[in-house]
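# Chain and residue survey
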Amino acid sequence: NVQYQLTGTVADNVATFDTYYYEFHDELSAGLTADASSVAVKIDGTKVDVSKYTVAYDTTNNNNTLTVKFNDLKSAGVDITKDSKVVVTYTAKLDATKAQKVTVGGQGNPNTVKLIYSNNPMSTGKGESTPDTVRDYTYALKLVKEDSANEQTKLEGVKFTIQATGADEGAGTKYVQEDGSLGDHAYEFETNKKGEINVKGLDAGTYTVQETHTLDGYN
């Protein structure tokens, strides 16, 4: 899970507007899934009632867009001044069910937001801010088990656990699960015919790999 915080400001002449349209338009990369129910909004530190804005999460037609919209920010129940700050928080996750769409390493998984807002107190015109992008990174681990006397002989059926011993979360208590997430119970990975274990979805950190089942004839 990834915690996002979006912060926006308002126009210096906001007091001259009768109504002030205000929208966070957030485009998530294909491997991220937003939790629309986690959205919360504060203006100048005061929590805004959910009835004052609308949240929409569009995943149709290759979209992956979260919007938080005020038809009139000035009716949000908080006094709006030229110094006001609007802060949206929500949770998204790098989704194991979208494993083929998650970028491992490289340029990461981008999340790009822009503001759409009233820009003329005399009309219904709207402006857009310059988009701002952050990136979330996830990693993969590949292990190959081979005969020490003959590296061409790959060993199938060897089992390992992987424990987070220095990751950002769960250090010393959590184990890597099949999908790369962390859990309380040890999951046993088993080498395939190529002698390989492949796991994606790891957070940056330090991990300890422990062999738990060895083939007959090997130490």
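## Side note on unusual backbone geometry
Across the chain, the bulk of peptide bonds are trans and the bulk of non-glycine residues have phi less than zero. The phi angle at Asn 61 is positive, at roughly 50 degrees, despite the residue not being glycine. Looking at where Asn 61 falls in the secondary structure, it is placed in the loop between strand E5 (54–58) and strand E6 (65–70). Using a relative accessible area of 71% as the deciding quantity, one classes Asn 61 as exposed.

## Observations regarding the sheet that holds strand E3 (residues 32–43)
Across the sheet, four strands lie side by side as E1-E7-E3-E4; this open sheet has antiparallel pairing. Every interior strand has two partners, whereas the edge strands, strand E1 (2–9) and strand E4 (46–47), have only one. Across eight bridges, E3 lies against strand E7 (residues 85–94) in antiparallel orientation. Residue pairing for E7: Ala 34 is matched across the bridge by Ala 92.

## Let's talk about the pairing of strand E2 (residues 22–28)
Regular strands place side chains that alternate from one sheet face to the opposite one. Among the seven residues of E2, six are classified as buried, and the element is accordingly described as predominantly covered. Relative to E6, E2 runs antiparallel, the two being bridged by six bridges. Paired with His 25 across the bridge in E6 is Thr 67. The pairing of E2 with strand E8 (residues 109–118) spans seven bridges and is classified as antiparallel.

Each value, and the rule that gives it
Residues numbered from 1 in each chain as written. Predicted model: local features only at pLDDT ≥ 70, side-chain atom pairs only at ≥ 80, totals over all residues. Heavy atoms only, no water. Helix = DSSP H or I, 4+ residues; strand = E, 2+ residues; numbered from the N terminus. Buried < 20%, exposed > 50% of the residue type's maximum accessible area, 1.4 Å probe, protein only. Pairing = 2+ DSSP bridges.

Remember that the coordinates give geometry; whether it matters functionally is a separate question.
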